[in-house]
Amino acid sequence: MNWIYLIIAGLMEVCFTFCLGKTKSATGNELLWWWTGFLIALAMSMFLMAKAAESLPIGTVYPVWTGIGAVGAVCVGIIFFNEPTSFWRLFFITTLILSIIGLKVLA
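To keep things clear, this report deals only with the structure shown in the data block. (Residues numbered from 1 in each chain as written. Predicted model: local features only at pLDDT ≥ 70, side-chain atom pairs only at ≥ 80, totals over all residues. Heavy atoms only, no water.)

**Some words on a nonpolar patch on the surface**
A surface patch of nonpolar side chains, about 530 Å² in accessible area, is lined by Ile-97, Leu-98, Ile-101, Val-105 and Leu-106. Positionally, Ile-97 belongs in helix α4 (residues 87-106). Under the relative-accessibility criterion, Ile-97 is labelled partly exposed at 35%. (Patch = residues over 30% accessible without salt bridge, like charges linked within 9 Å, V, L, I, M, F, W, Y side chains within 5 Å. Areas by Shrake-Rupley, 256 points an atom, 1.4 Å probe, with all protein chains shown as cover. Salt bridge = Lys/Arg side-chain N within 4 Å of Asp/Glu carboxyl O. Helix = DSSP H or I, 4+ residues; strand = E, 2+ residues; numbered from the N terminus. Buried < 20%, exposed > 50% of the residue type's maximum accessible area, 1.4 Å probe, protein only.)

Here's what the structure looks like:
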């Protein structure tokens with residue numbers, strides 16, 4: 001169950017990154033909603049990461065959490081914010097994914 005908490009915490013990190021990206025172009029009430037979404041996703045991410053850390057080693061929890069967030073943020077940037085894709089960018093994201101899998105296998 002703690003791995004599920006950790007994966008959801010990482011996905012919440014992707015959510016708050018997406019919300020943060022949307023605040024760049026939002027105004028008025030829309031801006032308020034994106035900031036609210038950011039804060040809710042941030043709080044959920046931290047809470048779930050702390051729950052996962054109750055039984056998983058913090059040396060595994062934190063890198064997996066940040067790795068999911070980093071990979072997700074790059075994907076969100078490419079899909080929703082027209083960020084560039086290049087061979088090297090995709091290569092290093094792939095190595096990050098493989099590292100996360102390695103930590104799961106070793107934990």
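After that view of the structure, there is still more to cover.
**What to know about the side chain of Glu-13**
Counting through the fold element by element, Glu-13 comes out in helix α1 (residues 2-23). Of the side chains bearing the opposite charge, Arg-89 lies closest to the buried Glu-13, which forms no salt bridge; the N-O distance is 14 Å. (Lys, Arg positive; Asp, Glu negative; His and termini not counted.)

**What to know about the packing of aromatic side chains**
What characterises a pair of aromatic rings is the spacing of the ring centres plus the angle enclosed by the ring planes. Under the criterion given, the structure shown has 11 aromatic pairs. Between Trp-88 and Phe-91, the ring centres sit 5.5 Å apart and the planes meet at 85 degrees, which makes this aromatic pair edge-to-face. Here the residue Trp-88 and the residue Phe-91 both occupy positions in helix α4, the gap between them amounting to three residues, near one helical turn. Cluster of aromatic residues (ring-pair linked, three or more members): Phe-18, Trp-34, Phe-80 and Phe-81. (Phe/Tyr/Trp six-rings, centres within 6.5 Å; stacked < 30°, edge-to-face > 60°.)

**With respect to the nonpolar core**
Counting residues in each nonpolar core, the largest one holds 12 residues, listed as Trp-3, Leu-6, Ala-9, Leu-48, Met-49, Ala-52, Leu-56, Val-61, Val-64, Trp-65, Ile-68 and Ile-100. Counting only elements with at least two residues in this core, the list comes to α1, α2 (28-53) and α3 (58-80). At four residues, the largest contribution of residues to this core is made by α3. With near-sequence residues (within four places) excluded, Trp-65 lies in contact with Leu-6, Ala-9, Gly-10, Glu-13, Ser-45, Met-46 and Met-49. (Core = buried A, V, L, I, M, F, W, Y, C linked by side-chain atoms within 4.5 Å. Contact = heavy atoms within 4.5 Å.)

**Comments concerning the packing of α1 against α2**
Remark: α1 packs on α2, axes separated minimally by 8 Å, with the N-to-C direction vectors making an angle of 160 degrees. What the angle tells us is that α1 and α2 run roughly antiparallel. The chirality of how α1 crosses α2 is left-handed. Across the contact of α1 with α2, the residue classes tally to 20 nonpolar, four polar and three charged. (Axes fitted to C-alpha atoms, helices over the stretch in contact; angles between N-to-C directions. Parallel < 35°, antiparallel > 145°, perpendicular 65-115°, else oblique. Left-handed = near helix turned anticlockwise from the far one by under 90°. Nonpolar A, V, L, I, M, F, W, Y, C, P; charged D, E, K, R; others polar.)

**Quick notes on unusual backbone geometry**
The backbone of Asn-82 sits at a positive phi, close to 55 degrees, despite the residue not being glycine. Owing to a relative accessible area of 70%, Asn-82 belongs among the exposed residues under this scheme.

**Details of α1**
Three- or four-residue spacings in an α-helix give side chains the same orientation, since the helix completes a turn every 3.6 residues. Compared with an ideal rise of 1.5 Å per residue, which puts 22 residues at 32 Å, α1 spans 32 Å between its outermost C-alpha atoms and is within 8% of the ideal. Within the sequence span of α1, burial applies to Trp-3, Leu-6, Ala-9, Gly-10, Met-12, Glu-13, Val-14, Phe-16, Cys-19, Gly-21 and Thr-23. Of the surrounding elements, those touching the buried residues of α1 are α2, α3 and α4. (Expected span 1.5 Å × (residues − 1).)

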